[in-house]
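Working through the structure, step by step
Now for the letters of each chain:
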Amino acid sequence: MDLKIGLIPVQKTSPGSLKECLSNLRELVTLIFLTIGSFGFSQRDSTYVREFPEKFTIRFGVQNTSNSFYFLNNETAEEVGLFPNDKTYLGASFLFRSVELDLGYAPNFFSENTDNKGSKLLTLNFRMFLGQWMQTLDFYQQKGFFLDDFQGVISTSFPDARTLKIGGTTSYIFNRNFSFRAIGFQNEWQKKSAGSFIPSFSLYYTKFDIENTGLGDITGSKAYNISIGPGYYYNWVIKKHFLLSAGLTAGIGLNHTKSFDKPSTAVLFHTTLRTALGYNSEHFFTGINLSAQFTEYDTTGNSIVQDDINFVEVYLGYRFKAPKKWIEKAAAVNRKLGFD
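Keep in mind that this is a model prediction, so the values were computed, not measured. (Residues numbered from 1 in each chain as written. Predicted model: local features only at pLDDT ≥ 70, side-chain atom pairs only at ≥ 80, totals over all residues. Heavy atoms only, no water.)

**Regarding empty space enclosed by the protein**
- This structure, assessed with the given rule, holds 5 cavities of 30 Å³ or more.
- Roughly 670 Å³ of volume is contained in the largest cavity.
- For the lining of the largest cavity, a count of residues per class yields 14 nonpolar, 22 polar and 7 charged.
- Sorting the residues of the lining of the second largest cavity by element identifies strand S12 (200–209), strand S13 (222–229), strand S16 (264–280), strand S17 (284–298) and strand S18 (303–321) as the ones contributing at least two each.
- Counted by class, the lining of the second largest cavity contains 5 nonpolar, 6 polar and 2 charged residues. (1 Å grid on protein atoms, 1.4 Å probe; cavity = no way out; pocket = protein on both sides within 12 Å on 5 of 7 lines; lining within 4 Å. Points joined across faces, edges and corners; volume = space filled by probe spheres on them. Nonpolar A, V, L, I, M, F, W, Y, C, P; charged D, E, K, R; others polar. Helix = DSSP H or I, 4+ residues; strand = E, 2+ residues; numbered from the N terminus.)

The structure is reproduced here in structure tokens:
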């Protein structure tokens, strides 16, 4: 699934001011999170959220995800899209207490995967909850792209083109009665409707290994993105077992791109959209998740890049009684860290 939003003009920042900008942004992040932390000790109402500290959760899903790129020349108004060859892959998630591990692989028995011979997609996602803090770590490795000039013709296929993205997001959930785990992770059950303000801080690194595409100085470049912004998410409980959720995070930050001998630093804009529809119970759960991330920045003063990550998943899962030793060990770690 490919989603797209309109391009937003941005202001270029001189490379010499990078240290000053990063210092100011770091001070702002520290001030915001210290302020947030002072409100972080409210108690959760058990009538809103059913937790499963005694259960191990396993989830399987059919997923489609991609990291696409758009390039707009401000002088000529020409736009080009760089899209990975479409892949559908199987995902498995393993959850216990505050830790989740996600694995995904694109098998050849899906027809679209067979048509894209030589294309590869590997994703690794790690999420951890510590009190009201949520930490995610992401890894995307893609091989096989094509160019689209949006004139009705696919220009060229580049089976050897590669991209690598590594990064993560730190978020704080203000309202303890709102369950983010019930949206996409299913090791909690939202039993009453609730919403929460959720500010986030993100840091991502992207490497392009792409030759002879005609995209100029983006070839062989490395992009470093840092952003911070507010967000709001709401879980609407329908007839006890059904959940409809939606949310938005909008942020601003800095991009620093290294391309041969032409480094550039610019303001970036970041948006994350998420929605989910699911069924939940004591043991069985199922549903669909959709999310999209849009990051936009100026690389050279006359070229705007939009970096999109899109994700859709249909899943089902089951909760099992965890081994007693696991529960005791997890409780001991929580007590030591002060989360009990």
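**What to know about the packing of aromatic side chains**
- Under the definition given, this model contains 13 aromatic pairs.
- With a centroid separation of 5.7 Å and an interplanar angle of 35°, the aromatic rings of Phe-83 and Phe-146 are classed as tilted. Remark: Phe-146 occurs in strand S8 (residues 133–148) and Phe-83 occurs in strand S4 (residues 79–84); sequence separation between them is 63 residues.
- Looking at Phe-83, the relative accessible area reads 6%, which means it is buried.
- Ring-pair connections join several aromatic residues into one group, and the members of that group are Trp-133, Tyr-172, Phe-174 and Phe-197.
- Note that Arg-59 overlies the ring of Tyr-315, its terminal NZ or CZ placed 5.5 Å from the centroid.
- A cation over a ring is seen here: Lys-191 above Trp-189, with NZ or CZ 4.4 Å from the ring centre. (Phe/Tyr/Trp six-rings, centres within 6.5 Å; stacked < 30°, edge-to-face > 60°. Buried < 20%, exposed > 50% of the residue type's maximum accessible area, 1.4 Å probe, protein only. Lys NZ or Arg CZ within 6 Å of the ring centre and 35° of its normal.)

**Things to note about the pattern of salt bridges**
- According to the stated counting rule, one finds 6 salt bridges in the structure shown.
- Arg-50 is the partner of Glu-54 in a salt bridge, and the nearest nitrogen-oxygen pair spans 3.4 Å.
- A salt bridge links Arg-181 to Glu-188, with the shortest nitrogen-to-oxygen separation between them at 3.6 Å.
- Accessibility expressed as a relative area gives 4% for Glu-188, which makes it buried. (Salt bridge = Lys/Arg side-chain N within 4 Å of Asp/Glu carboxyl O.)

**A few points about a nonpolar patch on the surface**
- Side chains of Phe-197, Tyr-232, Tyr-234, Trp-236, Leu-244 and Leu-277 sit close together on the surface and give an oily, nonpolar patch of about 600 Å² of accessible area.
- It is strand S14 (residues 231–238) that contributes the most residues to the nonpolar patch, 3 residues altogether.
- By secondary structure assignment, the location of Trp-236 is in strand S14.
- Of the residues examined, Trp-236 reaches a relative accessible area of 45% and is grouped as partly exposed. (Patch = residues over 30% accessible without salt bridge, like charges linked within 9 Å, V, L, I, M, F, W, Y side chains within 5 Å. Areas by Shrake-Rupley, 256 points an atom, 1.4 Å probe, with all protein chains shown as cover.)

**Things to note about the environment of Thr-88**
- Among the secondary structure elements, Thr-88 is positioned in the loop between S4 and strand S5 (89–96).
- Take Thr-88: its relative accessible area is 10%, and that puts it in the buried class.
- Placed 225 residues apart in sequence, Thr-88 and Glu-313 show a C-alpha to C-alpha distance of 9.8 Å.

**So, the pairing of S13**
- With respect to burial, S13 is a largely interior element, 6 of its 8 residues being buried.
- Here S12 pairs with S13 via 8 bridges, running antiparallel. Bridging across to S13, Ser-200 finds its partner in Gly-229.
- With 7 bridges connecting them, S13 and strand S15 (residues 242–258) associate as antiparallel partners. When the sheet's bridge partners are listed, Ser-227 is paired in S15 with Gly-253. (Pairing = 2+ DSSP bridges.)

**Quick word on the nonpolar core**
- Formed by 13 residues in total, the largest nonpolar core has its most connected members in Phe-69, Phe-71, Leu-82, Phe-145, Ala-161, Ile-210 and Tyr-297.
- Elements with a minimum of two residues in this core: strand S3 (55–73), S8 and strand S9 (154–172).
- Grouped together as the second largest cluster of nonpolar side chains are 12 residues, Ile-183, Phe-185, Ala-194 and Ile-198 included. (Core = buried A, V, L, I, M, F, W, Y, C linked by side-chain atoms within 4.5 Å.)

**A short note on unusual backbone geometry**
- The backbone of Lys-239 sits at a positive phi, close to 50°, despite the residue not being glycine.
- Along the chain, Lys-239 falls in the loop between S14 and S15.
- The phi dihedral of Lys-240 is positive, around 70°, even though this residue is not glycine.
- On the secondary structure map, Lys-240 appears in the loop between S14 and S15.

**Structural notes on the environment of Thr-65**
- Residue placement: Thr-65 occurs in strand S3.
- Taking the C-alpha atoms as reference points, Thr-65 and Pro-84, separated by 19 residues in sequence, lie 9.7 Å from one another.
- The contact partners of Thr-65, leaving out residues within four places of it in the chain, are Lys-87, Tyr-89, Leu-121, Thr-123, Tyr-140, Ile-309, Asn-310 and Phe-311.
- Among the polar contacts listed, one links the side chain of Thr-65 to the backbone oxygen of Asn-310, at a separation of 2.9 Å. (Contact = heavy atoms within 4.5 Å. Polar contact = N/O pair within 3.5 Å; in protein donor to acceptor, adjacent residues only side chain to side chain.)

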